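Remarks on the overall topology
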Amino acid sequence: MRLNHLPSKISKELGITTLLSSGRDTYLLLLTRSIRMFAYGSSTLILALYFSALGHSDTKIGLFMTLTLIGDVLISLALTFVADALGRRRILVLGALLMSLSGAIFASVENYWILLFAAVVGVISPSGNEIGPFRAVEESTLAQLSEPKTRSDIFAWYVVVGTLGTAGGSLGCGWMVQRLQSDGWTAVSAYRAIFWIYTIIGFLKAGLTLLLSPACEAQPAPKPIEEETQGEEAEAFLSNTGTPAPAKVPPTKKGKNAFSQISPASRLILLKLCGLFFFDSLASGMVPFSLIAFYMDRKFGMASGTLGTVMSSAQFVSSIGNIFASSIAKRIGLVKTMVFTHLPSAIFLSLLPAPRVLWLTIVFLVARASLASMDQAPRSAFLSAIVKAEERTAVMGIVNTVKTLSQSSGPLITGVLAGKGRFWIAFVVAGGLKAGYDLGMLTMFVNLRIEGEEHRKPAQTASSGDDPVRLRRESIDSIDDEEGIEMK
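Residues numbered from 1 in each chain as written. Predicted model: local features only at pLDDT ≥ 70, side-chain atom pairs only at ≥ 80, totals over all residues. Heavy atoms only, no water.

What follows is about the overall build of the chain. For the chain, the count of helices and strands is 22 helices and 0 strands. Expressed as a percentage of its 488 residues, the buried residues of the chain come to 56%. In the chain, 84% of the contacts between residues at least 6 apart in sequence involve partners at least 24 apart. (Helix = DSSP H or I, 4+ residues; strand = E, 2+ residues; numbered from the N terminus. Buried < 20%, exposed > 50% of the residue type's maximum accessible area, 1.4 Å probe, protein only. Contact = heavy atoms within 4.5 Å.)

Bringing the nonpolar core into the picture now. Phe64, Phe106, Met296 and Met311 are the most contacted members of the largest nonpolar core, which totals 88 residues. Considering every element that reaches this core, the biggest residue donor is helix H3 (residues 24-53), with 14 residues. One finds Leu270, Cys274, Leu276 and Ala394 within the second-largest nonpolar core, a separate group that totals 12 residues. (Core = buried A, V, L, I, M, F, W, Y, C linked by side-chain atoms within 4.5 Å.)

Moving on, we come to the environment of Val357. Inspection of the secondary structure puts Val357 in the loop between helix H16 (334-351) and helix H17 (358-372). According to the relative accessible area criterion, Val357 is partly exposed, its value standing at 37%.

With respect to the element layout, Arg135 can be found in helix H7 (residues 134-145). Between the C-alpha atom of Arg135 and that of Thr80, which follows or precedes it by 55 residues, the distance is 9.5 Å.

What follows concerns the packing of aromatic side chains. Scanning the model with the defined rule gives 15 aromatic pairs in all. Between the aromatic rings of Tyr50 and Phe195, the centroid separation amounts to 5.3 Å while the plane-to-plane angle is 55°, which identifies the pairing as tilted. On the criterion of sequence distance, the pair formed by Tyr50 in helix H3 and Phe195 in helix H9 (residues 187-209) is long-range, its members being 145 residues apart. The buried category is assigned to Tyr50, whose relative accessible area is 0%. Look at Phe64 and Phe106: their rings are 6.1 Å apart centre to centre, the planes differ by 65°, and that puts the pair in the edge-to-face class. Note that Phe64 is positioned in helix H4 (residues 58-86) and Phe106 in helix H5 (residues 88-106), a separation of 42 residues in sequence. Clustering of aromatic rings is evident, with ring pairs tying together Tyr50, Phe51, Phe64, Phe106, Tyr112, Trp113, Tyr191 and Phe195. Of note, Arg33 hangs over the ring of Tyr158, and the distance from its end group to the ring centre comes to 4.3 Å. We note Lys60 situated over the ring of Tyr112; from NZ or CZ to the ring centre the distance is 4.4 Å. (Phe/Tyr/Trp six-rings, centres within 6.5 Å; stacked < 30°, edge-to-face > 60°. Lys NZ or Arg CZ within 6 Å of the ring centre and 35° of its normal.)

All right, on to the pattern of salt bridges then. Enumeration according to the criterion identifies 7 salt bridges in this entry. The residue Lys205 makes a salt bridge to Glu138 at a minimum N-O spacing of 3.7 Å. Residue Lys205 is located in helix H9, and its partner Glu138 is located in helix H7; the two are separated by 67 residues in the primary sequence. Taken as a pair, Lys205 and Glu138 share a single burial class, namely buried. (Salt bridge = Lys/Arg side-chain N within 4 Å of Asp/Glu carboxyl O.)

Residue classification places Phe64 among the buried residues on the basis of a relative accessible area of 1%. It is 8.3 Å that separates the C-alpha atoms of Phe64 and Pro411, two residues lying 347 residues apart in sequence. Setting aside residues no more than four positions away along its own chain, Phe64 makes contact with Leu47, Phe51, Phe106, Tyr112, Leu115, Leu116 and Ala119.

On to helix H12 (residues 278-286). For H12, a buried count of 7 out of 9 residues is recorded, marking the element as mostly surrounded by other parts of the structure. Along H12, the residues classified as buried are Asp280, Ser281, Leu282, Ala283, Ser284, Gly285 and Met286.

Their axes nearest at 7 Å, the elements helix H14 (residues 304-323) and H17 cross at an angle of 30°. Classified by the angle between their axes, H14 and H17 sit roughly parallel to one another. Crossing of H14 over H17 shows right-handed handedness. Mapping the contact onto sequence places Val310, Met311, Ala314, Val317, Ser318 and Gly321 in H14 and Ile362, Leu365, Val366, Ala369 and Ser370 in H17. Of the residues belonging to the contact of H14 with H17, the class tally is 8 nonpolar, 3 polar and no charged. (Axes fitted to C-alpha atoms, helices over the stretch in contact; angles between N-to-C directions. Parallel < 35°, antiparallel > 145°, perpendicular 65-115°, else oblique. Left-handed = near helix turned anticlockwise from the far one by under 90°. Nonpolar A, V, L, I, M, F, W, Y, C, P; charged D, E, K, R; others polar.)

Let us look at a nonpolar patch on the surface. Residues Leu67, Ile70, Leu74, Trp113 and Leu405 make up a contiguous nonpolar surface patch of roughly 490 Å² in combined accessible area. In terms of residues, the nonpolar patch owes the most to one element, H4, which gives 3 residues. Among the structural elements, Leu405 can be located in helix H19 (residues 392-407). (Patch = residues over 30% accessible without salt bridge, like charges linked within 9 Å, V, L, I, M, F, W, Y side chains within 5 Å. Areas by Shrake-Rupley, 256 points an atom, 1.4 Å probe, with all protein chains shown as cover.)

Residues with a pLDDT of 70 or more make up 77% of the chain, whose mean pLDDT is 76. Per-element averaging of pLDDT across the chain places helix H22 (residues 468-486) at the bottom with 38 and H9 at the top with 94. Long-range and interchain partners of residues 224-238, a stretch whose pLDDT sits below 50, account for 30 contacts in this model, where long-range means more than four residues apart. Overall, residues 243-256 carries pLDDT values under 50, and its contacts beyond four positions in sequence, including any with other chains, amount to 34 contacts. (pLDDT = per-residue confidence, 0-100.)

Before going further, it helps to spend a moment on the packing of H3 against H9. Between H3 and H9, whose axes approach to 9 Å, the crossing angle comes to 160°. Classified by the angle between their axes, H3 and H9 sit roughly antiparallel to one another. Helix-helix and strand crossings are classified by hand; for H3 and H9 the assignment is left-handed. Of the residues in the contact of H3 with H9, the class split is 19 nonpolar, 4 polar and 3 charged.

What follows is the structure in structure tokens.
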């Protein structure tokens, strides 16, 4: 009898049941996420190679990526702040059209400064990760469309389809470039063909976004009675993942702008998060996907098809790990899920430049990829639960913006090191920053015993007679620190 229930149990455990019961809007958001990341994966694989083929130095390549990230900070922050007011679907369509604009310019122009302008004003991902206003708006919308108890499953698949899209883009791009070059195309011409595909995908994404229903738009701010509902949502999620829920807070008045609408408690969370993941994001910025591909091409002289296969394989393995992230978080808690996956991945990152043979480098690359992004789904679900519904888009926009800002100086540092023949130092420093960050987070949590929530004693709750305000602040502090680990 138990074997008969096994497929159903596995389906529920992996979030497949939740996914199948979702509505059309959820499917469309996952689809647009997938094709967008396919475009990012294809363009990122050849981005640094394209600039190198145009004759630009390593330092200028690093500067380009840094300035692109800074420009994205400004544009993304502005768009996410007004997304709920102007309409989420409109912002997503605008972002898709900016993708097409950037792709068309990259496929047509060689001038460094014009390309930089197109990347800053438009949407070009120098890292293979999310860029632009898309993620904050989509995550806020998915949180609105999903139930609190199943939200972590939806976000897990949101991450999975993204990494699968990136893997497919890298694989297709690598072999397409190699085939075009074997047919007599120059490297620059082959790279430009990829950017034309990028342009087409932007238009396709815009068309799919127009199919979203009005249910995706921001809902009116809840009445005071709904404050209790928001608390119940957070408690449901935290109970699902095994994390203690914070006490409820009194409702705050709506301000005149997006930031003022964020409650003081949520602002405290934001400030803590920004401080916690600054160094981790800086490390991520030093070794983005494009520069890892550039490093491996330079060190081993790999063919484009082989390079694309290696990078896409790493991303595919990352997708497999993401599928299990939600299930693991429900059992061992958010902190353990983050630290015990992120710390080994940081070690593998530091070891990446050590091997002198390709196969061992690939082993480290794949090992790192299998663990590096397992924190994304729990992070998104947690942010959705810990802040009020009307704050989600602004909060997620600020979170993603600060992450991007902290990453922005990383490529420039790596570009300078690469120009001096010290490319490998970037990997060692980045891995060290990430490892130190994880150890620091683990130290901060050691007395909170969040890893054993199911065994918490009554004395650790508000019913113990302790000051409820202090206990609530401690709960928020612990939750804030957990989220910091999740921010990659």
